Amino acid sequence: MIIMDVLIVGSLAYDSLETPHGSRLDELGGSASYGGFSAAFHNRRLTGNGVALVGVVGEDFKQDHLEWYIQSGLEVSGIESSSGQTFRWKGSYHGDMSEAVTHETHLNVFEHFQPKVPISHTSPKVLMCANLHPALQLSVLNQSQAKRVSILDSMNLWINIAYDELIEVMRKVDIVVLNDGEVRMLASDDNLVTAAQTVLEMMNGGMLVVKRGEHGVLALHPDGVISIPAYPTSNVTDPTGCGDSFAGALSQFLAQGSGKVGRKELAESLVHATVTASFTIEEFGTERIRNLTIEEYESRLEEYRIISQTS
Ligand code: AMP
C-alpha cells in the first residue's frame, strides 16, 4: 500500500463568480480542487509522496479539467463520475471582498454521493476533509485512518443546516480550520478570542485554526496561542478558494513531520499556508495556484518573513 502524504475529500465544482474585477461562468472550482492544487504544489516542491482526491463529478465535467488535476500530480482514482450535473456554486464579492455572498448552491451529483476511498489510500499521513456536507466528511473519516493528523474545514451553510452532524465530525478530527465569521457564529459570541475558546471546547481536544482574511490567522494550540499576519497584497481579483488553498498547504506541510504537531511546527505551517493563499486571490479560479512556480513562491515567502519578522 502506498502511503499518500495527503488525502483530500471535498467538492469538485463549476463556479459562477462575480467580483469588482469581472465575472466568470463555470470556472473550475470546489474546495477539493483548490486544496488539491495547493497541496500538490507543495508536494512537488518538497518531493513528497503524493496527494489524492476523493469526490464526484457529473457527466458534464470536462476531460481537460481532469487533465489539470493529473498534470499537477494529483492522484484521481478516488474521483467518481456519476450521471447528472457537476456541483455548482454561484457567489459574488463586494466592497473589501472579505466575504462571499452565496447566490446559488446546486449539490447535483453530491446529493446522492457515497464516498468510496480507494483501498490504497485509506492510510494517508494527513486526511483533509475540505468543505463539504459533514455527513460526507464523516463517511470518509470512517473509511480512512490518518497516520498523523486529520483536518476539517467547513462553512456557514453547514452550521445553519447540519449543525449536529458538523459538531459530530468536528469531534473526530485533530485540527478544525474555520474563518472568523464561522467561529463567531458557532459560538454565538462576537469576541473572537472567547468564541474560539468556546469552539475548541466543542471539539474533543485538538487544535483550532481561525482564518481572519486580511487580519491573518489565530490558532489555538495546546501549548499556546499563535497569531500571524496576512501577506499584505494590493492585488485581490477573486478570493474564491483562498481558504481551501490555505488548508491544502497546511495539510502538505504537516505531512512532512512526525509525532505530535508542536506549536512551532503549526506556526511554521501556517506561514506557508498564508503565503500560498495569497497567490490564489490574484487571478480568477484556480489559474494562479495551478501555475505557481517554485521561484515565485520562494521569493514571496522570503518577502513575507521580512515583512512579518517571522524569520
Ligand atoms: P473558499 O473561498 O475557500 O471558502 O471556497 C470556495 C469554494 O468552495 C468554491 O470553489 C465552491 O465551489 C466551494 N463551495 C461553495 N459552497 C460549498 C458547499 N456548500 N459545499 C462544498 N463546497 C462549496
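Rules used throughout
Throughout this description, residue numbers start from 1 for each chain and increase along the sequence as written. Per-residue local features are limited, in this predicted model, to residues with pLDDT of at least 70; the limit for side-chain atom pairs, both in listing and counting, is 80 or more; totals at the level of whole chains, interfaces and linings are taken over all residues. The side-chain values count all of the structure's non-hydrogen atoms but skip hydrogen atoms and water molecules. The set of buried Ala, Val, Leu, Ile, Met, Phe, Trp, Tyr and Cys residues whose side-chain atoms join them within 4.5 Å is what this entry labels a nonpolar core. Exposure is judged per residue with a 1.4 Å probe applied to protein chains only, and the accessible area is read against the type maximum: over 50% gives exposed, under 20% gives buried, and values in between give partly exposed. Helix and strand assignments come from DSSP, with helices taken as H or I runs of at least 4 residues and strands as E runs of at least 2, each series counted from the N terminus. Being near a molecule or strand, for a residue, means having at least one of its heavy atoms within 4 Å of it. Definition of a polar contact: a pair of N or O atoms within 3.5 Å, with one able to donate and the other able to accept a hydrogen when the atoms are protein atoms, and with sequence-neighbouring residues admitted only if both atoms are side-chain atoms. The Shrake-Rupley method, run with a 1.4 Å probe, gives the accessible areas here. Residue values count only the displayed protein chains as cover. Gly falls in the polar group here, along with every residue not listed as nonpolar (Ala, Val, Leu, Ile, Met, Phe, Trp, Tyr, Cys, Pro) or charged (Asp, Glu, Lys, Arg). A pair of strands counts as paired when DSSP detects no fewer than two bridges linking them. Structural elements are reduced to axes, namely lines fitted to C-alpha atoms, with helices fitted over the stretch in contact, and the angle between N-to-C directions of any two is expressed from 0 to 180 degrees. Any two residues whose heavy atoms approach within 4.5 Å are treated as being in contact. When a carboxyl oxygen of Asp or Glu lies within 4 Å of a side-chain nitrogen of Lys or Arg, that pair is called a salt bridge. Think of it this way: Lys and Arg go in the positive column, Asp and Glu in the negative one, and His and the chain ends go nowhere.

1. Notes on the nonpolar core
Here is step 1: With 52 residues, the main nonpolar core has I8, Y69 and L270 as its most contacted residues.
Here is step 2: A total of 7 residues in this core trace back to one element, the largest contributor, which is helix 9 (residues 263-280).

2. Side note on the site of the ligand
Here is step 1: Neighbouring residues of the ligand: 18 residues in total, closest S11, D15, G30, G241 and D244.
Here is step 2: Between a nitrogen atom of the ligand and a side-chain N or O atom of S11, the distance comes to 2.8 Å.
Here is step 3: Against a free-state accessible area of 510 Å², the protein chains account for coverage of 88% of the ligand.
Here is step 4: Per element, the largest residue contribution to the shell around the ligand is 3 residues, and it comes from helix 8 (residues 242-255).
Here is step 5: Within the shell around the ligand, the residues separate by chemical class into 9 nonpolar, 7 polar and 2 charged.

3. Considerations on the sheet that holds strand 2 (residues 13-19)
Here is step 1: One open sheet accounts for 4 strands, arranged 3-2-6-7; its pairing is mixed. For this open sheet the edge positions go to strand 3 (22-29) and strand 7 (100-106), each flanked by a neighbour on one side alone. On average, each strand axis in the sheet is inclined to that of its neighbour by 15°, with strand direction left out of account.
Here is step 2: Two strands pair when backbone bridges link them, and strand 2 and strand 3 are joined in this way by 6 bridges, in the antiparallel orientation. Its bridge partner lying in strand 3, A13 is registered against G29.
Here is step 3: Packed on one face of the sheet, helix 1 (residues 31-45) meets strand 2 and strand 3 and runs near 75° to strand 3.

4. A short note on the pattern of salt bridges
Here is step 1: Tallied over the full model, the rule gives 11 salt bridges.
Here is step 2: One salt bridge connects E268 with R305, and the closest N-O pair in it is separated by 2.6 Å. Here E268 is found in helix 9, whereas its partner R305 is found in helix 11 (residues 294-308), with 37 residues between them in sequence.
Here is step 3: Judged by relative accessible area, which is 31%, E268 ranks as partly exposed.
Here is step 4: Exposure remark for R305: the relative accessible area of 17% places this residue in the buried category.
Here is step 5: Connected through salt bridges with shared partners, the residues E282, R288, E296 and R300 form a single ionic network.

5. Some thoughts on unusual backbone geometry
Here is step 1: Here D26, not a glycine, exhibits a phi torsion of approximately 50°, which is positive.
Here is step 2: For D26, the location among the structural elements is in strand 3.
Here is step 3: D26 sits in the partly exposed class, given a relative accessible area of 29%.
Here is step 4: At S188, a residue that is not glycine, the phi angle is positive and equals roughly 50°.
Here is step 5: Turning to its location among the elements, S188 is positioned in the loop between helix 6 (180-187) and helix 7 (192-202).

6. Quick notes on the side chain of D5
Here is step 1: For D5, the location among the structural elements is in the segment before strand 1 (6-9).
Here is step 2: One buried charged residue, D5, forms no salt bridge at all, with the nearest opposite charge on K125 at 5.6 Å.
Here is step 3: Here N43 takes part through its side chain, which lies 3.2 Å from a polar atom of the side chain of D5.
Here is step 4: Setting aside anything within four residues of it in sequence, one finds D5 in contact with N43, G48, N49, G50, P124, K125, V126, Q252, A255 and Q256.

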